[in-house]
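Observations on the three-dimensional arrangement
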Amino acid sequence: MSNSAFSAKVFAIYLFFAGAVLAIAPNLLLSVLQMPQTSEVWIRVAGLIAFMIGVYAWVAATHDFKPFLIASVYTRVMVFVVFVVFAALGLGHPMIMLFGVADLLGGIWMHYALKADAQSAQPA
């Protein structure tokens, strides 16, 4: 398994867990993060979407589909930036930035994993 595929599978597992919790019992996670409880359906929709992105990441990793893995670097950095902006503008609880930091760190890991894969693929 390539470095980038391993990174994507770890990300997928994170999304499976976070997505399932948000879809099934969102207030459990919200209370742990000291965020306001909600009865809105949108948090569950977001959880389902996160879970589905995890499926895409797992399949891309299983098939070492580099275009998806490369795109994930950019989108994960964007998640961090947007979540920081949401918190700064008061559109979301500041704890939302934790999810952004997780995405940023994962995106950085993926970037370096892709570079390592490219170097190992070059003939000596």
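Here, every reference points to the structure presented above.
Residues numbered from 1 in each chain as written. Predicted model: local features only at pLDDT ≥ 70, side-chain atom pairs only at ≥ 80, totals over all residues. Heavy atoms only, no water.

Let us look at the overall build of the chain. Looking only at helices and strands, one finds five helices and zero strands in the chain. Reading the chain from its N end, one meets helices and strands in the order α-α-α-α-α. Overall size of the chain, expressed as C-alpha extent along the three principal axes, is 55 × 30 × 20 Å. Accessible area of the chain: about 7,700 Å², with a carbon and sulfur share of 75%. Side-chain charges of the chain comprise 5 positive and 4 negative groups, with the mean position of each set lying 4 Å from the other. (Helix = DSSP H or I, 4+ residues; strand = E, 2+ residues; numbered from the N terminus. Areas by Shrake-Rupley, 256 points an atom, 1.4 Å probe, with all protein chains shown as cover. Lys, Arg positive; Asp, Glu negative; His and termini not counted. Charge placed at Lys NZ, Arg CZ, Asp CG, Glu CD.)

Next up on the list: the packing of helix α4 (residues 66–88) against helix α5 (residues 96–121). For any two helices packed against each other, the geometry comes down to the angle between their axes and how far apart the axes lie. In contact at an axis separation of 8 Å, α4 and α5 are set at 155° when each is read in the N-to-C sense. With respect to their mutual orientation, α4 and α5 come out roughly antiparallel. In the crossing of α4 with α5, the sense of the turn from one axis to the other is left-handed. Its residues assigned to classes, the contact of α4 with α5 shows 16 nonpolar, five polar and four charged. (Axes fitted to C-alpha atoms, helices over the stretch in contact; angles between N-to-C directions. Parallel < 35°, antiparallel > 145°, perpendicular 65-115°, else oblique. Left-handed = near helix turned anticlockwise from the far one by under 90°. Nonpolar A, V, L, I, M, F, W, Y, C, P; charged D, E, K, R; others polar.)

With that settled, the discussion passes to helix α3 (residues 42–62). Since the α-helix packs 3.6 residues into each turn, any two residues three or four apart lie on the same face. Over its 21 residues, α3 runs 30 Å from end to end, which matches the ideal 30 Å to within 8%, given 1.5 Å per residue. Among the residues making up α3, those that are buried are G47, A50, G54, A57, A60 and A61. For α3, the angular spread of the buried residues around the axis is 140°, confining them to a single face. Where α3 is buried, its residues meet α1 (3–24) and α4. (Expected span 1.5 Å × (residues − 1). Buried < 20%, exposed > 50% of the residue type's maximum accessible area, 1.4 Å probe, protein only. Arc of directions from axis to C-beta. Contact = heavy atoms within 4.5 Å.)

A separate point is the packing of aromatic side chains. As enumerated under the stated definition, the model contains five aromatic pairs in all. Their ring planes at 45° and their centres at 5.1 Å tell us that F16 and F51 sit as a pair that is tilted. Of this pair, F16 sits in helix α1 while F51 sits in helix α3, and the two are 35 residues apart along the sequence. Looking at F16, the relative accessible area reads 23%, which means it is partly exposed. Residue classification places F51 among the partly exposed residues on the basis of a relative accessible area of 33%. (Phe/Tyr/Trp six-rings, centres within 6.5 Å; stacked < 30°, edge-to-face > 60°.)

A few words now on unusual backbone geometry. Phi at Q34 takes a positive value of approximately 55°, unusual for a residue other than glycine. Looking at where Q34 falls in the secondary structure, it is placed in the loop between α2 (26–32) and α3. Non-glycine residue D64 carries a positive phi angle of around 50°. Mapped onto the secondary structure, D64 falls in the loop between α3 and α4.

This part takes up the pattern of salt bridges. Under the criterion given, the structure shown has three salt bridges. Here D64 ties to K66 by a salt bridge, and the two come within 3.2 Å at their closest N and O atoms. A salt bridge links R76 to D103; its shortest N-O distance comes to 3.9 Å. One end of the pair, R76, is in helix α4; the other, D103, is in helix α5, with 27 residues separating them in the sequence. For the pair R76 and D103, a shared accessibility class is recorded, and that class is buried. Three or more residues are tied together by salt bridges with common partners; here these are D64, K66 and D117. (Salt bridge = Lys/Arg side-chain N within 4 Å of Asp/Glu carboxyl O.)

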